[in-house]
Amino acid sequence: MSDTVSGHLPRVIHDPAEWRAFCRSLRAYGGLGFVPTMGALHAGHLSLCRQAIVAGNANVVVSIFVNPTQFNDQADLAAYPRVLEADLHKLASVGVTAVFAPAYDGIYPDSYRFRMSEVELSRLYCGAHRPGHFDGVLTVVLKLLQLTGADAAYFGEKDYQQYMLVRDMAAAFFVPTAIVPCPIVREANGLAMSSRNERLSLTDRVAAGAFHRALVDGTSADQARQRLLAAGFEVDYVADIADAARGIRRRIAAIRFSGIRLIDNIGLTATGEATDV
Ligand code: PAF
């Protein structure tokens, strides 16, 4: 991917105080959209940036920070790809203005002494399998929202539980940034785009298309689970949940395949049929 569309790379800022001042200055030009990421960007991330641009924000900014507090598995943290230069070129191609790439001490001057916790939804599903994960996510997202002061922040629906928790936290703590959900972007075989897909062999990546198919074809969460097991996946959970704030239902799931943890979800009608395939 080249940066020739916009002609130059986004400005990179590492220091939190400088980032806060820069974002404040950008707001003088109109709406500010924000996309928080951990880097290793793919088409899903770029679609969040495009959605922020199409929404009419005068500037769109992105954070790239591999957040250690949300990893309960140190091997997973160590294996997480860090490819800032390549990410900057991708972001230039969609017209992103600036990137915040802080160091650990910049984001955690308190060494994680203070943290954000939610005590219901965060304990279920992904939270039950990754203790402490959502404390880390909510803490870093709150810090990033405070520093950026954007009008709207864009989150992918692939991480549906994360989206619900971030949205509800922002409401509970009167964060003025709108939390905007964005549709899942899929590979040709239905596999939801994820930085983790890069860690699957080509054969496994093709086979992993059965994950999405099982969610869509299963007539219940239990049947989807049976299909996943039959396809050779280890299943962390499959559950049909209600998102009361949006008046919708979704089937959410996490599996392990060749040592890689994958998550996905689909929309459901009131009677349990898949809606957004
Ligand atoms: O979804 C992610 O990439 C991360 O959980 C986030 C929201 C950037 C927080 O580190």
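A. Representation of the confidence of the model for the protein chain. Summarising the model, the protein chain shows a mean pLDDT of 96, and 97% of its residues fall at 70 or more. Counted against residues more than four places away or in other chains, residues 1-6, with its pLDDT under 50, gives 12 contacts.

B. Summary view of empty space enclosed by the protein. The tally for this structure, following the rule as stated, stands at 1 cavity of 30 Å³ or more. Lining the largest cavity are 47 residues, and of these M38, H45, K158, D159 and Q162 lie nearest its centre. Those elements that place two or more of their residues in the lining of the largest cavity are β2 (32-37), α2 (43-54), α7 (133-148), β5 (152-156), α8 (160-172), β8 (248-257) and β9 (260-268). Element by element, the count of residues in the lining of the largest cavity is highest for α7, at 6 residues. Tallied by class, the residues present in the lining of the largest cavity amount to 24 nonpolar, 16 polar and 7 charged.

C. Examining the pattern of salt bridges more closely. In this structure the tally under the stated criterion is 16 salt bridges. Across the salt bridge formed by D243 and R167, the nearest N and O atoms sit 2.9 Å from each other. Of the two residues, D243 is situated in strand β7 (residues 234-243) and R167 in helix α8; the sequence distance between them amounts to 76 residues. What emerges from the salt-bridge pattern is a single network uniting D76, R130, R196 and R199.

D. Geometry of the site of the ligand. Neighbouring residues of the ligand: P36, T37, M38, N67, Q70, V140, V141 and Q162. Between Q70 and the ligand, the recorded distance is 2.7 Å, taken from a side-chain N or O atom to an oxygen atom. In the environment of the ligand, an oxygen atom lies 2.7 Å from a nitrogen or oxygen atom belonging to the side chain of Q162. Coverage of the ligand by the protein chains reaches 88% of its 290 Å² of free accessible surface. Judged by its atoms lying within 2 Å of the grid points, the ligand is housed in the largest cavity. Every element with two or more residues in the shell around the ligand is listed here: β2 and α7. Grouping the constituent residues of the shell around the ligand by class yields 4 nonpolar, 4 polar and no charged.

What counts and what doesn't
- Residues numbered from 1 in each chain as written.
- Predicted model: local features only at pLDDT ≥ 70, side-chain atom pairs only at ≥ 80, totals over all residues.
- Heavy atoms only, no water.
- pLDDT = per-residue confidence, 0-100.
- Contact = heavy atoms within 4.5 Å.
- 1 Å grid on protein atoms, 1.4 Å probe; cavity = no way out; pocket = protein on both sides within 12 Å on 5 of 7 lines; lining within 4 Å.
- Points joined across faces, edges and corners; volume = space filled by probe spheres on them.
- Helix = DSSP H or I, 4+ residues; strand = E, 2+ residues; numbered from the N terminus.
- Nonpolar A, V, L, I, M, F, W, Y, C, P; charged D, E, K, R; others polar.
- Salt bridge = Lys/Arg side-chain N within 4 Å of Asp/Glu carboxyl O.
- Near = heavy atom within 4 Å.
- Polar contact = N/O pair within 3.5 Å; in protein donor to acceptor, adjacent residues only side chain to side chain.
- Areas by Shrake-Rupley, 256 points an atom, 1.4 Å probe, with all protein chains shown as cover.
- Sits in = over half its atoms within 2 Å of the grid points.

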